[in-house]
Amino acid sequence: MRVCIMTGAGSGIGRAVAIQLAEQKLYDHIAILGRNLEALNEVCKKMQPMVQTSVWDIDLNSPQKIPQIVEQIHEKCGSIDCLLNIAGYTDPQPLLTTSLENMEMTYNVNVFAPFLLIRETVKYMKKTGGKILNVASTAGMTPRPGWLSYSSSKAAVISMSQTLTEELSEYGIKVYCVSPGRCATKLRQKLAPNEDPTTIMQPEEVAEVICNLISDRENCLDGQNIVIRKQIKPKG
Amino acid sequence: MITAVILSGGKGVRMKNVVPKQYLLLAGKPMIMHSIERIDSIPQINEIVIVCEKSFESSLELMMKQYNITTPIRFAPAGATRQESVFSGLQKVSNDLVLLHEAARPFVLKNDFLKLINEKEKNVTFGYEIPFTVVKGKEIILDTLSRDELKNIQLPQKFEVKTLLKAHEMAQKNNEKFTEDASMITTYKLADVKIINGNSYNIKITEPIDFLVGEIIYREIIRGRK
Ligand SMILES: NC(=O)c1ccc[n+]([C@@H]2O[C@H](COP(=O)([O-])OP(=O)(O)OC[C@H]3O[C@@H](n4cnc5c(N)ncnc54)[C@H](OP(=O)(O)O)[C@@H]3O)[C@@H](O)[C@H]2O)c1
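Definitions and limits used
Residues numbered from 1 in each chain as written. Chains lettered and ligands numbered in written order. Predicted model: local features only at pLDDT ≥ 70, side-chain atom pairs only at ≥ 80, totals over all residues. Heavy atoms only, no water. Phe/Tyr/Trp six-rings, centres within 6.5 Å; stacked < 30°, edge-to-face > 60°. Buried < 20%, exposed > 50% of the residue type's maximum accessible area, 1.4 Å probe, protein only. Salt bridge = Lys/Arg side-chain N within 4 Å of Asp/Glu carboxyl O. 1 Å grid on protein atoms, 1.4 Å probe; cavity = no way out; pocket = protein on both sides within 12 Å on 5 of 7 lines; lining within 4 Å. Points joined across faces, edges and corners; volume = space filled by probe spheres on them. Nonpolar A, V, L, I, M, F, W, Y, C, P; charged D, E, K, R; others polar. Contact = heavy atoms within 4.5 Å. Buried area = accessible area lost by both parts, 1.4 Å probe. Polar contact = N/O pair within 3.5 Å; in protein donor to acceptor, adjacent residues only side chain to side chain. Helix = DSSP H or I, 4+ residues; strand = E, 2+ residues; numbered from the N terminus. Pairing = 2+ DSSP bridges. Axes fitted to C-alpha atoms, helices over the stretch in contact; angles between N-to-C directions.

Notes on the packing of aromatic side chains
- For the structure shown, the criterion picks out four aromatic pairs over all chains.
- With centroids separated by 6.2 Å and ring planes inclined at 55 degrees, the aromatic side chains of Tyr107 of chain A and Phe112 of chain A adopt a geometry described as tilted.
- Taking relative accessible area as the criterion, Phe112 of chain A reaches 39% and is therefore assigned partly exposed.
- Taken together, a centroid distance of 4.5 Å and an interplanar angle of 25 degrees make the contact between Tyr23 of chain B and Phe56 of chain B stacked.

Focus on the pattern of salt bridges
Residue and element names in this part refer to chain B.
- Tallied over the full model, the rule gives 23 salt bridges over all chains.
- Residue Glu102 is joined to Arg105 by a salt bridge in which the shortest nitrogen-to-oxygen separation is 2.8 Å. Pair check on accessibility: Glu102 and Arg105 agree, each one buried.

Observations regarding empty space enclosed by the protein
- Applying the stated criterion across every chain, the model contains two cavities of 30 Å³ or more.
- Estimated volume of the largest cavity: approximately 50 Å³.
- Split into classes, the residues belonging to the lining of the largest cavity amount to four nonpolar, two polar and three charged.
- A volume near 40 Å³ is recorded for the second largest cavity.

Some details on the interface of chain B and chain A
- Facing the 14 residues of chain B at the interface are eleven residues of chain A.
- Both sides together, the interface formed by chain B and chain A hides about 1,000 Å², and carbon and sulfur atoms give 31% of it.
- Where chain B packs against chain A, one counts five salt bridges.
- For Lys127 of chain A, the salt bridge identified is with Asp40 of chain B, shortest N-O distance 3.1 Å.
- Connecting chain B to chain A are twelve residue pairs in polar contact (both at pLDDT 80 or more).
- Going through the elements one at a time, α1 (31–40), α2 (57–66) and α7 (208–223) of chain B are the ones with two or more residues in the side of chain B that touches chain A.

Brief notes about the sheet that holds strand β4 (residues 45–52) of chain B
All names here are of chain B.
- Strands sit in the order β5-β4-β1-β6-β10-β7-β11 across an open sheet of seven strands; the sheet is mixed. Strands at the two margins of the open sheet, each flanked by one partner only, are β5 (73–77) and β11 (194–197). On average, each strand axis in the sheet is tilted by 30 degrees relative to the strand beside it, whichever way the strands run.
- As judged from the six bridges shared by strand β1 (residues 2–7) and strand β6 (residues 97–102), these two strands associate in the parallel manner. Bridge pairing links Ala4 to Leu99 in β6.
- Relative to the sheet, helix α4 (residues 110–118) contacts β1, β4, β6, β7 (124–129), β10 (151–160) and β11, its axis offset from that of β10 by approximately 60 degrees.

Taken by themselves, the reported measurements are silent on function.
Following this line, the structure appears as structure tokens:
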């Protein structure tokens, strides 16, 4: 059985990935981690005719439960072939109003939870090989005043991915990092409340790139920070 | 089934380091873990005996957990000499066959271990061509050895446990010292030891410069070039 673990499946890019993954039948079982059980069960219903799913209740702001959950998933499914770290959090603030709590929550969801998920899945994946994909952001590559916690956490995701590409390649584990530009989701609305979401990239378009990367056809793009951006013509 | 005995008793004198070399990071990973991870992926090996200083057992135990090593591990105390360490390790072996390896040779591929395991013969060693001239003598040359007749012994090796134990007991009785086990078995004419072709990448990390060379071997042979 081919098994994929993912976070962020309840909305936006993650939801679109989950549905495309199911349609393409890349994996037999998709284990979804998250806290918004209503949204996660709703997406599972859409996926279930095509693949097996399971939902694992966890608030990624408290990532300590991750080792136990990964062990249980491995016990239930027998292997872990793919990990998709898609969940992300932001509370954009300038330096002087950024609280330590903001920093901690952003890093818990964006950096520490992916770190723990990678560490725990690699314990199994190193025996079989596999694919890991982390969603960073163009915000982690260029300075964005007012986005201190988010941008710096995404820079960490880019760096972590590059280090792990080298460290895990001995095991046949490929580590991908994608940095989407503006994409019409809840999170983007927080960062740019006045933007018209119909004028920017849609989650399904980012999901398509992600699903291509983790399909068996792709073998040459790991280790680089892959920017996903769409040229959008101004209206009129 | 077969037991892997890993010699890890070195104190790291030549590396001039407080931590013995087999626990130093090589390509980002404690040297000993390179071999153990590969051994752990071989189903025919159902037991690993690590011969080490007692004080390293608890940190090694933790490492086995962290690296999710699932083959059962036993520890044997290192002796004052290599010969004593091998003898100590053999006491913990519960199979009839043993793969003898040393932590300081981290670049043995899974396939190399399998070659030894799949050999019909019970006593087998890797031997590598000697690409240079070897002479006898310390101050002046007494004799030149013909390199066509020589091989450089490389671990890992496979032995029948009862034959190797017998060789060790004879050596103890005769108070004879050996630096290697295949020669012990053949000296006492207990069995033939087959030589199969070794590899240039299977170097022993001994001096600080070997760490630098080792990083290159890791990149080119173990990880694969990009
Ligand atoms: N949209 C963009 O323009 C853009 C650009 C670059 C990168 N990204 C990245 O893309 C990824 C997906 O975000 P999105 O744009 O699709 O936004 P989204 O719709 O808001 O999705 C974020 C997901 O993360 C989950 N999440 C957040 N905090 C969590 C927590 N504490 N515990 C469990 N799950 C949590 C959310 O679940 P809940 O429903 O529980 O909150 C949600 O499913 C994120 O990593 C984001 O940083 C987005």
